[in-house]
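Residue-level structure breakdown
What follows is each chain in one-letter form.
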Amino acid sequence: MNPKTASSWVPPEASTVARETDSLIIFIANAGAILFVAVTLVSLYYLWKYRRTGEKPTFTSPISHNNRLEIIWTLIPTVLVFMIFFWGFRSYMDMRVVPANSMQIKVTGKKWFWAFDYPSGTNSVNELVVPVGKPIKALISSTDVIHSFYIPAFRIKMDAVPNRYTTVAFTPTEVGTYDIFCAEYCGTSHSGMIGKVHVKTEAEYKKWLEEAESGGKMAPAEFGAKLYVSKACATCHSIDGSANTGPTWKGIFGKKHKMADGSEVLVDENYIRQSILEPNAKVVAGYQPVMPTYQGLLKDKQIDALIEYIKTLK
Ligand code: CUA
């Protein structure tokens, strides 16, 4: 949360779209409040003015038509509706029309995580990193069911639909970390399909790109530990022995495991590599074949690092 813009009234405003969306919503809320108070006051006044005072009922003169009133109560709402329409349309077009100098990030929804592909070929899972002030075009799709890519602080929400692309444009304006949610019910772990968007300065963004790619100067096992979190392995695999959607990683290396088809498999480097790239080739007994493939999401060096990390989990 960015303390500068966060309030109890709205989430932080961290994109160009956010400012516009909020000012329109605040305008509608204020106009609504003013009209509500005005109508209520007038109603109360006439309730009082025409209250029953004597035994005999009093009647006002029969009014059949009033041109001035008709014009006023047609004109005011019409002007309001047109204002709201054009204002909203402008904000909408800001999200829909992608600026020419924008950077494209591919956003892929999968059961149950978000994968991000950057122009340099780097990718990340559940952690979206963007440079501040740079117009971003999010090219969104899904590999399974419909998800919805939602960043409240940017005021953007767009469906991720299998077999087609959707796009949304935004420019992050405030350095900080903000929530990413899935806003379309998509199955068992829909509520766990959450991530963070990190808005960094240009220099920090470049540094992050380098480290995400190769681990920088980290030892393989240390890089693996980082990938365990950043590639969302942690969503399904524990490292403390507890069962989750997938088997725990604790103490598995070098041991034999029973598979769903009754065979036994030794957990070695090749088995782990295969499990990452073709998760459903060998499924551990007692688990569902729900792991998505990480083909294209992990580079060889990253797979090596994960294997070294698993070795350390005794
Ligand atoms: Cu993906 Cu809900």
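Here the structure is a predicted model, which is why all the values come from computation and not from measurement.

**Describing the domain arrangement of the protein**
Partitioning the protein into structural domains gives domain 1 (9-42 + 69-214) and domain 2 (220-312). Here the C-alpha centre of domain 2 lies 34 Å away from the C-alpha centre of domain 1. Tallying the contact residues gives 13 residues for domain 1 and 14 residues for domain 2. Buried area between domain 1 and domain 2, summed over both chains or domains, comes out near 1,300 Å², and the portion from carbon and sulfur atoms is 50%. By the criterion of area lost to domain 2, the three top residues of domain 1 are Asn123, Val125 and Ser214, representing 36% of everything that side buries.

**So, the sheet that holds strand E10 (residues 195-200)**
Strands sit in the order E4-E10-E9-E6-E7 across an open sheet of five strands; the sheet is mixed. Looking at which strands have only one partner, the edges of the open sheet turn out to be strand E4 (127-131) and strand E7 (156-160). Looking at each pair of strands side by side, their axes are set apart by 20° on average, direction ignored. Across five bridges, the pairing between strand E9 (residues 176-182) and E10 is antiparallel.

**Some remarks on empty space enclosed by the protein**
One pass over the structure, following the stated rule, counts two cavities of 30 Å³ or more. Quantified by volume, the largest cavity comes out at close to 620 Å³. Looking at the largest cavity, it is lined by 35 residues, and the ones nearest its centre are His237, Pro247, Trp249, Ser275 and Met291. Mapped by element, the contributors of at least two residues to the lining of the largest cavity are helix H5 (269-277) and helix H6 (300-312). Residue composition of the lining of the largest cavity, grouped by class: 24 nonpolar, nine polar and two charged. Both domains that furnish three or more residues to the lining of the largest cavity are identified here as domain 1 (9-42 + 69-214) and domain 2 (220-312). The computed volume of the second largest cavity comes to approximately 30 Å³. Considering the residues around the second largest cavity, the lining is formed by Ile105, Val107, Leu128, Val130, Ile136, Ala138, Phe149 and Phe170. Among the secondary structure elements, those contributing two or more residues to the lining of the second largest cavity are strand E1 (103-110), E4 and strand E5 (136-142).

**Remarks on the packing of aromatic side chains**
One pass over the full model with this rule turns up 18 aromatic pairs. Summarising the aromatic geometry, the rings of tyrosine 45 and tryptophan 48 are spaced 6.4 Å apart at their centres and angled 40° between planes, so their arrangement reads as tilted. Here tryptophan 48 and tyrosine 45 lie together in helix H1 (residues 16-49), a separation of three residues that amounts to about one turn. Relative accessible area serves as the criterion here: at 42%, tyrosine 45 is assigned to the partly exposed category.

**With respect to the sheet that holds strand E2 (residues 113-117)**
Taken in spatial order, the five strands of this open sheet run E3-E2-E1-E5-E8, and their pairing is mixed. Strands at the two margins of the open sheet, each flanked by one partner only, are strand E3 (123-125) and strand E8 (166-170). For this sheet, the mean inter-axis angle between neighbouring strands, taken without regard to orientation, is 25°. With five bridges joining them, E1 and E2 adopt antiparallel strand pairing. Note on E2: the bridge partner recorded for valine 107 is phenylalanine 116.

**Describing the packing of H5 against H6**
One way to put it is that H5 packs onto H6 with a least axis distance of 10 Å and a crossing angle of 125°. Of the possible angle classes, the one that applies to H5 and H6 is oblique. Every pair of crossing elements has a handedness; the one defined by H5 and H6 is right-handed. Facing H5, whose interface residues are Glu269, Ile272, Arg273, Ile276 and Leu277, H6 presents Asp300, Ile303, Leu306, Ile307, Ile310 and Lys311.

**Overview of the pairing of E10**
As defined by bridge partners, E4 adjoins E10 across five bridges and the pair is classed as parallel. By the bridge assignment, valine 130 is partnered in E10 with valine 199.

**Topic: unusual backbone geometry**
Peptide bonds are, in most cases, trans, and in most cases residues other than glycine have a negative phi. The linkage connecting lysine 111 with the following residue, tryptophan 112, adopts the cis geometry, with an omega of -5°. Residue position: tryptophan 112 is located in the loop between E1 and E2. Of note in the backbone geometry, asparagine 126 takes a positive phi value of approximately 65° without being a glycine. With respect to the helices, strands and loops of the structure, asparagine 126 is situated in the loop between E3 and E4. The exposure class assigned to asparagine 126 is buried, which follows from its relative accessible area of 8%.

Calculation criteria
- Residues numbered from 1 in each chain as written.
- Predicted model: local features only at pLDDT ≥ 70, side-chain atom pairs only at ≥ 80, totals over all residues.
- Heavy atoms only, no water.
- Domains from an automatic or database assignment.
- Contact = heavy atoms within 4.5 Å.
- Buried area = accessible area lost by both parts, 1.4 Å probe.
- Pairing = 2+ DSSP bridges.
- Helix = DSSP H or I, 4+ residues; strand = E, 2+ residues; numbered from the N terminus.
- Axes fitted to C-alpha atoms, helices over the stretch in contact; angles between N-to-C directions.
- 1 Å grid on protein atoms, 1.4 Å probe; cavity = no way out; pocket = protein on both sides within 12 Å on 5 of 7 lines; lining within 4 Å.
- Points joined across faces, edges and corners; volume = space filled by probe spheres on them.
- Nonpolar A, V, L, I, M, F, W, Y, C, P; charged D, E, K, R; others polar.
- Phe/Tyr/Trp six-rings, centres within 6.5 Å; stacked < 30°, edge-to-face > 60°.
- Buried < 20%, exposed > 50% of the residue type's maximum accessible area, 1.4 Å probe, protein only.
- Parallel < 35°, antiparallel > 145°, perpendicular 65-115°, else oblique.
- Left-handed = near helix turned anticlockwise from the far one by under 90°.

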